Amino acid sequence: MSCKERRCLGTYLDGEISGRDYERISAHLKGCKTCSLELEGLKETIGLIKELKQIEPKGDFEDYLRELNKKLNKETERPGLIEEFLNIFWNEPALALGGVSFIVWLGIIRIIGVFPQNLRLFEYIAKKVCLIL
Amino acid sequence: MEDDFSLIRRYIAGETACFEELVKRHWKRAISVAYQTIGDYEEAKDISQEAFTRVLRSISQFRFEASFSTWLSRIVVNLSKNYLQRTKKKFPLQEEAELEERATPCNLDDRLQMADLKDAINSLKEPYRMCIILKDIEGFSYKETARILDCPIGTVMSRLNAARRILRKRLKR
Ligand SMILES: [Zn+2]
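These figures come from a predicted structure and were not determined experimentally.

In this section: unusual backbone geometry. All names here are of chain B. Even without being a glycine, F64 presents a positive backbone phi close to 55°. Structurally, the position occupied by F64 is in the loop between helix 3 (41-57) and helix 4 (68-87). Here F64 falls in the partly exposed class, since its relative accessible area comes to 24%.

Structure (C-alpha cells):
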C-alpha cells in the first residue's frame, strides 16, 4: 500500500540522494500520484520549518565578549593547592582517603626498605672522613 | 577572509587576539543553537559562553578535520541536552516576546500555522527534534549534523525523513 520511496522523499528534496536512486525516485514520482502529492506537501512543510531561522542575539557583541572574558578570567584564577586538595576530600572522600593511605604506605616501605643501606653508607662515609682527618 | 583553521593555528602559536575573532564569527550561531534546543534565551547565552570556555581549554586538541563551527555546535548541543536533563524542561522553542528574530507573518492563519509548527516540533522526541533544528532551522548539512550529533549520516537522514513526515501530518490536520 505504501511505497518504499515515500520514506526518502525528504532526502530526495534535499538533493542528497545518489544518482541512480535519484533517477529511480524521479521515475516513480511520475507514475505515483500519492507520492507526488506527498512530495508537494513535504516541500511546503520544509519551507515552513526553514522560516524558523536562526535567532538574533539580544545584546551586542561587545557585551557578550565582556561577559565571556569575565568567565574566562574566573576560570584562570585557579584554586590554591590546599584548597584543591580539600576539594577532592569533599567531592571524592573515598578516593582521597585511598590516595593518602597509599602515600603513607609508600613512605613506610621506603623508610624500612632503604634505611639499612643508608645506615651502612653513612657509616662508610663517616669512616672515610675519619681517615682523612 | 581568513579561514577558521588559520585563526586557530595563529591562536595556538600565541596570538591570543585570534580567539576574539573566532568568537565574533560564531557567537550568534552558538546562542541560536542553544536557544532552539532549550527555549530560554538567558540560559542559551550562558551555555554558548560555557561552550567557548571549553573550546579554549581544549583548543590544542583541535584536529583540523571538521569545521570549527561543527566542533563548537557539538559542545553547545551537549551542554543544552544536559541542561534539559537537569531541569527536566519539556517545551523549548517557546515564543519569547522580545525575540523579533523570526519571520512573523502578518496573516493570522499563517501565524497560527507557525504556532502549530512550533508545538509539533516541541512534541518530537529529542533525537528527531535535534535533526530538524540543526538541518532545517540552523542550516547545517547532513554531514555536519551527523558530526554534531555524533551519529552516522544515515541515521540523520532517516530521522529527518521521519520527523518531517510527522510534522507534515500534524500541519495537515
Ligand atoms: Zn509511490
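Two side chains with opposite charge may pair up if their charged atoms get near one another. Residue and element names in this part refer to chain A. A full pass over the atoms with the stated rule returns 21 salt bridges over all chains. The closest approach of N and O atoms between R66 and D63, which form a salt bridge, is 3.3 Å. Taken together, the residues span about one helical turn, with R66 and D63 both in helix 4 (residues 61-76) at a distance of 3 residues. Classification of R66 by relative accessible area gives exposed; the value is 52%. Of the residues examined, D63 reaches a relative accessible area of 33% and is grouped as partly exposed.

Residue and element names in this part refer to chain B. The assigned domain composition of chain B is domain 1 (1-89) and domain 2 (91-173). Taken together, the 20 residues of domain 1 in the interface contact 21 residues of domain 2. Buried surface at the junction of domain 1 and domain 2, both sides included, amounts to about 1800 Å², of which 55% is carbon and sulfur. Sorting the residues of domain 1 by area buried against domain 2 places Y35, Q36 and R74 first, and these three jointly supply 33% of that buried surface. There are 3 salt bridges connecting domain 1 and domain 2. In this structure, the salt-bridge partner of R29 is E138, at a minimum N-O distance of 3.7 Å. At the boundary of domain 1 and domain 2, one finds 6 residue pairs in polar contact (both at pLDDT 80 or more). For the side of domain 1 that touches domain 2, the elements supplying multiple residues, two or more each, are helix 2 (17-38) and helix 4. Of the residues assigned to the side of domain 1 that touches domain 2, the class counts are 7 nonpolar, 8 polar and 5 charged.

Here the focus is the nonpolar core. Judged by nonpolar contacts, the single largest core of 61 residues is most densely connected at B:V23, B:F52, B:L117 and B:I132. With 11 residues, helix 2 of chain B is the single largest residue contributor to this core. Beyond its immediate sequence surroundings of up to four residues, B:F52 is in contact with A:Y64, A:L68, B:F19, B:V23, B:H26, B:W27, B:A30 and B:L72. In this structure, A:L9, A:L29, A:C32 and A:C35 belong to the second largest nonpolar core, which totals 11 residues.

Glancing now at the coordination of the zinc ion. Residues and elements named next belong to chain A. The protein atoms that coordinate the zinc ion are C3 (SG), H28 (NE2), C32 (SG) and C35 (SG), at distances spanning 2.1 to 2.3 Å. Around the zinc ion, the 4 donor atoms sit at angles spanning 103 to 114°, and that spread fits a shape best called tetrahedral. Each donor residue of the zinc ion lies on the same chain, and together they follow the pattern C-x24-H-x3-C-x2-C. Here C3 is found in the segment before helix 1 (9-13), whereas its partner C32 is found in the loop between helix 2 (19-31) and helix 3 (33-50), with 29 residues between them in sequence. We note that C3, like C32, is buried.

With that settled, consider the packing of helix 4 of chain B against helix 7 (residues 142-149) of chain B. All names here are of chain B. At a minimum axis distance of 8 Å, the contact between helix 4 and helix 7 shows a crossing angle of 50°. Taken together, helix 4 and helix 7 sit at an angle that is classed as oblique. Considering the relative orientation of helix 4 and helix 7, their crossing is right-handed. Between helix 4 and helix 7, the residues in contact are T70, S73, R74, V77 and K81 and E144, R147, I148 and L149, respectively. In terms of residue class, the contact of helix 4 with helix 7 is made up of 3 nonpolar, 2 polar and 4 charged.

Taking 1.5 Å as the rise per residue, helix 5 (residues 108-123) of chain B with 16 residues should run 22 Å; its terminal C-alpha atoms sit 23 Å apart, in good agreement. By the burial criterion, the buried members of helix 5 of chain B are B:M114, B:L117, B:K118, B:A120, B:I121 and B:N122. Elements that come into contact with the buried residues of helix 5 of chain B comprise helix 3 of chain A together with helix 6 (126-137) and helix 8 (153-172) of chain B.

Glancing now at the interface of chain A and chain B. On the chain B side, the residues contacting the 35 residues of chain A number 45 residues. Per-residue buried area on chain A facing chain B is highest for A:L52, A:I55 and A:Y64; these three make up 20% of the total on that side. Joining chain A to chain B, the criterion identifies 6 salt bridges. Between A:K71 and B:D46 there is a salt bridge whose closest N-O contact spans 3.1 Å. If you look at where chain A meets chain B, you find 14 residue pairs in polar contact (both at pLDDT 80 or more). Elements that contribute at least two residues to the side of chain A that touches chain B include exactly helix 1, helix 3 and helix 4 of chain A. Element by element, the count of residues in the side of chain A that touches chain B is highest for helix 3 of chain A, at 9 residues. Among the residues forming the side of chain A that touches chain B, the class breakdown is 15 nonpolar, 6 polar and 14 charged.

Calculation criteria
Residues numbered from 1 in each chain as written. Chains lettered and ligands numbered in written order. Predicted model: local features only at pLDDT ≥ 70, side-chain atom pairs only at ≥ 80, totals over all residues. Heavy atoms only, no water. Helix = DSSP H or I, 4+ residues; strand = E, 2+ residues; numbered from the N terminus. Buried < 20%, exposed > 50% of the residue type's maximum accessible area, 1.4 Å probe, protein only. Salt bridge = Lys/Arg side-chain N within 4 Å of Asp/Glu carboxyl O. Domains from an automatic or database assignment. Contact = heavy atoms within 4.5 Å. Buried area = accessible area lost by both parts, 1.4 Å probe. Polar contact = N/O pair within 3.5 Å; in protein donor to acceptor, adjacent residues only side chain to side chain. Nonpolar A, V, L, I, M, F, W, Y, C, P; charged D, E, K, R; others polar. Core = buried A, V, L, I, M, F, W, Y, C linked by side-chain atoms within 4.5 Å. Donors = N, O, S within 2.8 Å, 3.2 Å for Na, K, Ca; no water. Tetrahedral: all angles 85-135°; square planar, octahedral: opposite > 155°, others 65-115°. Axes fitted to C-alpha atoms, helices over the stretch in contact; angles between N-to-C directions. Parallel < 35°, antiparallel > 145°, perpendicular 65-115°, else oblique. Left-handed = near helix turned anticlockwise from the far one by under 90°. Expected span 1.5 Å × (residues − 1).

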